[in-house]
Amino acid sequence: MAVVAGNWKMNHGPEAARAFFAELDLDDVSEEHEIVVFPTDLSLGTAVAAAPTRVSIGVQNVHPEDSGAFTGATSAALAAEAGARYALVGHSERRHLFGETDEETERKVAAALRHGLTPVLCVGETLDERRAGRVEDVVLRQLDAVLETLADGGARFLLAYEPVWAIGTGETATPADASAAHATLRGRLRTRLAGANDVPILYGGSVKPDNAAELLGADEVDGVLVGGASLDAASFAQIARAVDGGGV
Ligand code: 13P
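Being a predicted model, the structure only gives us computed values, none of them experimental.

K.L.:
Account for the sheet that holds strand β3 (residues 55-59), naming residues and giving values.
P.N.:
Spatial ordering of the closed barrel is given by β1-β2-β3-β4-β5-β6-β7-β8, a layout of 8 strands whose pairing is parallel. Strand-to-strand, the axes of this sheet are offset by a mean angle of 25 degrees, without reference to chain direction. The sheet contact formed by strand β4 (residues 86-89) and strand β5 (residues 118-123) spans 4 bridges and is parallel. Bridge pairing in β5 places Ala87 opposite Pro119.

Written out as structure tokens, the structure reads:
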């Protein structure tokens, strides 16, 4: 099975979310594959109500605390109550635009697990880090910061390798680049988890209908996390149809 996830980022209000799910046609996509959509918090309720049962809904971020005086924030507890099943944690935009640290990421993973949300931990290097030959260092540092919490949580989780230089740029990692980074992550999981081979590792960064099959066919790539191309129901469905050529 493979996982096809769409991260809408700060796009699609409730009306557009309803229209997306009305148009989304997954008839040709085998039921064994997992489909997840991450709308904005404002569209979460609409997405939960409008999505077909085979599509799970997640939040793009959670606050580490469960409730309290944190104006503008969403907790994992509230997201779960509103019908979310997944939570993205440590997306590169949270790390680089909002200054989220590894320590905050760990607390967010813990919050997601506390409330039964499946965390999708995002890791990835910047272009400078790649040029400096630091891909392994960076992705392992980001994973190590949360691995104990993930492993000891005993619940299912996913990883997403999203090289920062490939996000929203039209630049895509080659299947070989993706496989290499995924193998590094898998190797670390194996040192800590009996079920390491069952943890889906998704690739994200300029995934489009025309490159999805190739990426999904790469070794150790168990799914994709799609940004821009997930906003359009037809292109998201086309990417989902590409999974039958790849995945675990
Ligand atoms: P793009 O597909 O727009 O490059 O975004 C990738 C991403 O950040 C998904 O979380």
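K.L.:
Let's hear about the side chain of Ser75: which residues, and what values?
P.N.:
On the secondary structure map, Ser75 appears in the loop between β3 and α3 (76-81). A polar side-chain atom of Ser75 sits 3.1 Å from the main-chain amide nitrogen of Leu78. Other than its neighbours up to four places away in sequence, Ser75 contacts Val62, His63, Glu65 and Asp66.

K.L.:
Which residues make up the nonpolar core, and what are the values?
P.N.:
Membership of the largest hydrophobic core comes to 68 residues, with the highest contact counts inside it found for Phe21, Leu24, Val55, Leu117, Leu159, Leu189 and Tyr203. Top contributing element to this core by residue count: helix α7 (residues 135-153), with 7 residues. By size, the runner-up hydrophobic cluster in this structure holds 12 residues, among which are Val3, Ala5, Tyr86 and Leu225.

K.L.:
Summarise the site of the ligand; cite the residues concerned and give the values.
P.N.:
Lys9, His91, Gly168, Ser206 and Gly228 are the nearest of the 13 residues found near the ligand. Backbone polar atom of Gly168 to an oxygen atom of the ligand: 2.6 Å apart, as the coordinates give it. In this structure, Gly228 approaches the ligand through a main-chain N or O atom, which is 2.8 Å from an oxygen atom. Bound to the protein, the ligand loses 97% of the 310 Å² it would expose on its own. In terms of residue class, the shell around the ligand is built from 4 nonpolar, 7 polar and 2 charged.

K.L.:
Before we move on, can you summarise helix α5 (residues 102-114) with the specific residues and values?
P.N.:
Spanning 13 residues, α5 covers 18 Å between terminal C-alpha atoms, matching the ideal 18 Å at 1.5 Å per step. Those residues of α5 that are buried are in contact with α3, β4, α4 (92-97), β5 and α7. One or two steps after α5, the chain reaches Gly116, where phi turns positive at roughly 75 degrees.

K.L.:
Lay out the environment of Leu185 with the relevant residues and their values.
P.N.:
Position of Leu185 among the secondary structure elements: in helix α8 (residues 175-192). Taking C-alpha positions, Leu185 is 21 Å from Val243, a pair spaced 58 residues apart along the chain. Setting aside residues no more than four positions away along its own chain, Leu185 makes contact with Val123, Val139, Leu143, Leu159, Tyr161 and Ile201.

K.L.:
Let's hear about the pattern of salt bridges: which residues, and what values?
P.N.:
This structure, assessed with the given rule, holds 17 salt bridges. Between Lys9 and Glu93 there is a salt bridge; the shortest N-O distance is 2.8 Å. Highlighted residues: Lys9 in the loop between β1 (3-7) and α1 (14-23) and Glu93 in helix α4, separated in sequence by 84 residues. Between Asp66 and Arg114 there is a salt bridge; the shortest N-O distance is 2.9 Å. Linking Asp66 in the loop between β3 and α3 with Arg114 in helix α5, this pair joins segments that are 48 residues apart in sequence. The network of salt bridges with common partners includes Arg94, Glu100 and Lys108.

Calculation rules
Residues numbered from 1 in each chain as written. Predicted model: local features only at pLDDT ≥ 70, side-chain atom pairs only at ≥ 80, totals over all residues. Heavy atoms only, no water. Pairing = 2+ DSSP bridges. Helix = DSSP H or I, 4+ residues; strand = E, 2+ residues; numbered from the N terminus. Axes fitted to C-alpha atoms, helices over the stretch in contact; angles between N-to-C directions. Polar contact = N/O pair within 3.5 Å; in protein donor to acceptor, adjacent residues only side chain to side chain. Contact = heavy atoms within 4.5 Å. Core = buried A, V, L, I, M, F, W, Y, C linked by side-chain atoms within 4.5 Å. Buried < 20%, exposed > 50% of the residue type's maximum accessible area, 1.4 Å probe, protein only. Near = heavy atom within 4 Å. Areas by Shrake-Rupley, 256 points an atom, 1.4 Å probe, with all protein chains shown as cover. Nonpolar A, V, L, I, M, F, W, Y, C, P; charged D, E, K, R; others polar. Expected span 1.5 Å × (residues − 1). Salt bridge = Lys/Arg side-chain N within 4 Å of Asp/Glu carboxyl O.

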